[in-house]
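Below are the chains, spelled out letter by letter.
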Amino acid sequence: MSVDNEDYSDVRGIEREYGRRRALSLSWWQIVITVLIIGNFVLQATTNPYFPARRWIEIVVLVIVLARVVLAVLYRQRARTIVGAQGIAARDAVRTETRTWGDVYDIRAELRASGRIEKAQWTTYVYDNDGRRMRLPYFDDWQLPDFHAELADLRAVSALHRGMAWELRPETEDRIRRRVRNSKVWGAVYVAAVIIAVFAAISFLT
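Computed from a predicted structure; not experimentally measured.

## Quick notes on the overall build of the chain
Helix and strand counts for the chain stand at 4 helices and 7 strands. Starting at the N terminus and walking to the C terminus, you meet the elements of the chain as β-α-α-β-β-β-β-β-β-α-α. For the chain, buried positions account for 34% of its 206 residues. Approximately 12200 Å² of the chain is accessible, and the part contributed by carbon and sulfur atoms is 61%.

## Quick word on the sheet that holds strand β7 (residues 133–140)
The 3 strands are arranged β5-β6-β7 in an open sheet whose pairing can be described as antiparallel. With partners counted over all chains shown, the strands left at the sheet margins are β5 (104–111) and β7, one partner each. Each adjacent strand pair in this sheet contributes to an overall mean axis angle of 25°, direction not counted. Relative to β7, strand β6 (residues 122–128) runs antiparallel, the two sharing 4 bridges. Residue pairing for β7: Tyr125 is matched across the bridge by Arg135. Sitting on the sheet, helix α3 (residues 147–162) is in contact with β5, β6 and β7, with an inclination near 175° to β5.

## A few points about the pairing of β7
The element β7 is largely enclosed, with a buried count of 6 among its 8 residues. The turn linking β6 back onto β7 is made up of 4 residues, and Gly131 within it adopts a positive phi angle of 90°.

## Details of α3
Along its 16 residues, α3 runs 22 Å from first to last C-alpha, staying within 8% of the 22 Å computed at 1.5 Å per residue. Those residues of α3 lying buried are Phe147, Glu150, Leu151, Asp153, Leu154, Val157, Ser158, Ala159 and Arg162. In the core, the buried residues of α3 are packed alongside β1 (16–18), β2 (80–83), β5, β6 and β7. The positive-phi residue at the C-terminal boundary of α3 is Gly163, with phi of around 80°.

## Quick notes on the environment of Asp128
Counting through the fold element by element, Asp128 comes out in strand β6. The class of Asp128 is buried, set by a relative accessible area of 1%. Between the C-alpha atoms of Asp128 and Asp106, which are 22 residues apart in sequence, the distance is 6.9 Å. Not counting the four nearest positions on each side in its chain, Asp128 is found in contact with Arg99, Asp103, Val104, Tyr105 and Thr172. Within polar-contact distance, the side chain of Asp128 engages the backbone nitrogen of Asp130 at 2.9 Å.

## What to know about the sheet that holds strand β4 (residues 96–100)
Pairing is antiparallel in the open sheet, where 4 strands are placed in the order β1-β2-β3-β4. The sheet is open, and its two borders are formed by β1 and β4, each paired with just one other strand. Direction aside, the axes of adjacent strands within the sheet are offset by 15° on average. The sheet contact formed by β1 and β2 spans 3 bridges and is antiparallel. Looking across to β2, one finds that Tyr18 is bridged to Thr81. Sheet strands touched by α3: β1 and β2. Its angle to β1, the strand with the most contacts, is close to 145°.

## A look at the packing of aromatic side chains
Within this structure, the stated rule accounts for 4 aromatic pairs. Geometrically, the ring pair formed by Tyr18 and Phe139 is tilted, given 4.6 Å between the ring centres and 55° between the ring planes. On the criterion of sequence distance, the pair formed by Tyr18 in strand β1 and Phe139 in strand β7 is long-range, its members being 121 residues apart. Accessibility assignment for this pair places Tyr18 and Phe139 in one class, buried. On the numbers, 5.6 Å between centres and 50° between planes, the contact of Tyr75 with Tyr138 is tilted.

Conventions and cut-offs
- Residues numbered from 1 in each chain as written.
- Predicted model: local features only at pLDDT ≥ 70, side-chain atom pairs only at ≥ 80, totals over all residues.
- Heavy atoms only, no water.
- Helix = DSSP H or I, 4+ residues; strand = E, 2+ residues; numbered from the N terminus.
- Buried < 20%, exposed > 50% of the residue type's maximum accessible area, 1.4 Å probe, protein only.
- Areas by Shrake-Rupley, 256 points an atom, 1.4 Å probe, with all protein chains shown as cover.
- Pairing = 2+ DSSP bridges.
- Axes fitted to C-alpha atoms, helices over the stretch in contact; angles between N-to-C directions.
- Contact = heavy atoms within 4.5 Å.
- Expected span 1.5 Å × (residues − 1).
- Polar contact = N/O pair within 3.5 Å; in protein donor to acceptor, adjacent residues only side chain to side chain.
- Phe/Tyr/Trp six-rings, centres within 6.5 Å; stacked < 30°, edge-to-face > 60°.

Encoded structure:
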């Protein structure tokens, strides 16, 4: 079932689907990079007489920007969190990731990192027994007004399908912490690489 306004009276069943209900927001760095790219193209196309000679760079960067826009549109339309008797699935713009209930270690709400201009303060992750996490699309306090109550209900119902109560295991918690640290490091490297590439492209074009 879809979790819409009319569905909140029947949330005890395991079968449910969470999709977009309200407008989305972007991270500040995504907005800044997109504005820089578009602004530079406009500037170069209107003021640089040598700009047409570097058409291949324009095409490459435009393809990258277009791909980001397409992925954002696909995510807006396709993304779902799908819960069933066999497990839970997170569908994003191009793929679907699934965890069976036997593989699920925990379902957690986590505060978003500060410094972002996103409306949601909480988002939800599923952690498996190896410490890997899977973000649940649209399962946050911006899309769900009764977010914490909905999460508590999902945990209660899914515990029955797991066949066990939710409990912490030290070895799994260690794996989670290591994977989260590694994820943050690679995320920072990715953002830095994108920013450097953008400024390098701008410098080359100017």
